[in-house]
Amino acid sequence: MSAPPADAETFLAQTFLAETDRIADLRPDLARLEAGILAGLRLGLAADSRTFARIFGVAHALVLRALATLAGPAALLALAGRDARTQRTRYGLSAAGEALLGGPPA
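All figures in this text were calculated on a predicted structure; none of them were measured in a lab. (Residues numbered from 1 in each chain as written. Predicted model: local features only at pLDDT ≥ 70, side-chain atom pairs only at ≥ 80, totals over all residues. Heavy atoms only, no water.)

Trainee: Describe helix H3 (residues 49–56), listing the residues and the values that go with them.
Mentor: The complete set of buried residues in H3 reads Ser49, Thr51, Phe52 and Ala53. Where H3 begins, the capping side chain belongs to aspartate 48, and its oxygen is found 3.1 Å from the backbone nitrogen of arginine 50. Glycine 57, located one to two residues past H3, shows a positive phi value of around 65°. (Buried < 20%, exposed > 50% of the residue type's maximum accessible area, 1.4 Å probe, protein only. Helix = DSSP H or I, 4+ residues; strand = E, 2+ residues; numbered from the N terminus. Polar contact = N/O pair within 3.5 Å; in protein donor to acceptor, adjacent residues only side chain to side chain.)

Quick look at the structure:
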């Protein structure tokens with residue numbers, strides 16, 4: 001018997017928050033949004049800015065700003081492409097990001 005959707009959503013939310021906390025502990029210099037973007041990527045929830053913004057109800061401009069930090073000074077993400085019209089930006093972990101986060105979630 002499968003769990004009802006509300007339980008799955010609760011489990012996913014708790015898993016996402018736990019992963020965000022773990023990443024924030026590893027890199028206390030990151031903002032919570034930046035840690036959340038990394039957690040969402042690691043958990044397979046979002047690999048582009050529009051999807052992350054929609055799922056978590058965050059303004060797309062804020063996500064783009066966090067991506068600039070993660071791909072720039074933090075060097076934890078590699079940007080894979082940007083749609084000129086929508087600004088949707090696809091991203092993945094850089095070598096430094098993979099080294100920080102390790103393998104897939106347990």
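Trainee: Which residues make up the UniProt feature "transmembrane region" (unreviewed entry) in the chain, and what values do they have?
Mentor: Mapped onto this numbering, the UniProt entry annotates "transmembrane region" (unreviewed entry) at residues 55–80. Along residues 55–80, the helical share is 54% and the strand share 15%, with 20 Å between the first and last C-alpha atoms. (UniProt positions renumbered as here; feature names shortened; annotations may be inferred.)

Trainee: Tell me what's going on with the pattern of salt bridges, and back it up with residues and numbers.
Mentor: Summed over all chains, the structure comprises six salt bridges. Among the salt bridges present, the one from arginine 22 reaches glutamate 19, with a minimum N-O distance of 3.0 Å. Placement of the pair is arginine 22 and glutamate 19 together in helix H1 (residues 5–26), with a separation of three residues, close to one helical turn. By sharing partners, the salt bridges in this structure join Glu19, Arg22 and Arg42 into a single network. (Salt bridge = Lys/Arg side-chain N within 4 Å of Asp/Glu carboxyl O.)

Trainee: Which residues make up the packing of aromatic side chains, and what are the values?
Mentor: On inspection of all chains with the given rule, the structure shows two aromatic pairs. One aromatic cluster in this structure is built from Phe16, Phe52 and Phe56. (Phe/Tyr/Trp six-rings, centres within 6.5 Å; stacked < 30°, edge-to-face > 60°.)

Trainee: For the side chain of threonine 86, give the residues involved together with the corresponding values.
Mentor: Mapped onto the secondary structure, threonine 86 falls in the loop between strand E1 (77–82) and strand E2 (89–93). The contact partners of threonine 86, leaving out residues within four places of it in the chain, are Arg50 and His60. (Contact = heavy atoms within 4.5 Å.)

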